[in-house]
Amino acid sequence: MPYLPTSVPGPKIDDVNAPFWEHCRAQRLTFQQCAGCSHLIHPPLPVCPRCQSVERQWREAPYTALVFSFVWVHTAAHDSVVAALPYNVVLVEFPALAGVRLVSNVVNVSPGQLAIGDRLTLLWEEGDGGQWLPRFRKEAPT
Ligand SMILES: [Zn+2]
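In this section: the sheet that holds strand β5 (residues 87-93). Spatially, β6-β5-β4-β7-β8 is the arrangement adopted by the 5 strands of the open sheet, whose pairing is antiparallel. Edge positions in the sheet fall to β6 (101-104) and β8 (132-138), since each of these pairs with one other strand and no more. Adjacent strand axes in the sheet meet at a mean angle of 40°, parallel and antiparallel pairs treated alike. Direction of pairing for strand β7 (residues 119-126) relative to β8: antiparallel, over a ladder of 7 bridges. Across the sheet, residue Leu-122 finds its bridge partner in β8, namely Phe-136.

This is the structure:
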């Protein structure tokens, strides 16, 4: 069973973010990278904010990440998530990809079991319309 119900509306896909979501459908997490200056950009943008290049490439993310920040949601912002309360929304960082962060969820924790700096592993869950979504599992302490 996915972390959030599949009735949650899927991502709004446009010309700029379409490659990101296409890669997700193939269960590949990638981030936009400027082909001019190598700046990593997420969410995707039509122009590099650093050098204004419109040339871009896509860089694979590692399967391991860290909790940069998080919140536990106790009040539903959409009817489709009422049954999932409380759920977490996590800002994930990738030490190997400086500056890029991803909003996601950690699927195997309850309130009180998540902390900044926790080590995470990427996993995939199928959402609305068959769109695969990157989510994370907290690694056991070593
Ligand atoms: Zn650039």
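So, next bit.
Domain parsing of the protein yields domain 1 (13-60) and domain 2 (62-142). Summarising the inter-unit geometry, the C-alpha centres of domain 1 and domain 2 are found 21 Å apart. With 8 residues of domain 1 in contact, the opposing surface of domain 2 contributes 11 residues. Of all the elements, helix α1 (residues 18-25) adds the most residues to the side of domain 1 that touches domain 2, at 3 residues. A per-class count over the side of domain 1 that touches domain 2 returns 5 nonpolar, 2 polar and 1 charged.

In this section: the nonpolar core. Soluble globular proteins tend to bury their nonpolar side chains together. Within the largest apolar cluster, 12 residues are counted, these being Leu-29, Phe-31, Ala-61, Ala-65, Val-67, Val-90, Val-92, Phe-94, Leu-102, Val-106, Leu-120 and Phe-136. Elements that contribute at least two residues to this core include exactly β4 (64-73) and β5. In this view, Leu-29 contacts Cys-24, Ala-61, Leu-122 and Pro-134; residues no more than four positions away in its chain are not counted.

The rules behind each value
Residues numbered from 1 in each chain as written. Predicted model: local features only at pLDDT ≥ 70, side-chain atom pairs only at ≥ 80, totals over all residues. Pairing = 2+ DSSP bridges. Helix = DSSP H or I, 4+ residues; strand = E, 2+ residues; numbered from the N terminus. Axes fitted to C-alpha atoms, helices over the stretch in contact; angles between N-to-C directions. Domains from an automatic or database assignment. Contact = placed C-beta atoms within 7 Å. Nonpolar A, V, L, I, M, F, W, Y, C, P; charged D, E, K, R; others polar. Core = buried A, V, L, I, M, F, W, Y, C linked by C-beta atoms within 7 Å. Buried ≥ 20, exposed ≤ 12 C-beta atoms within 10 Å, placed from the backbone.

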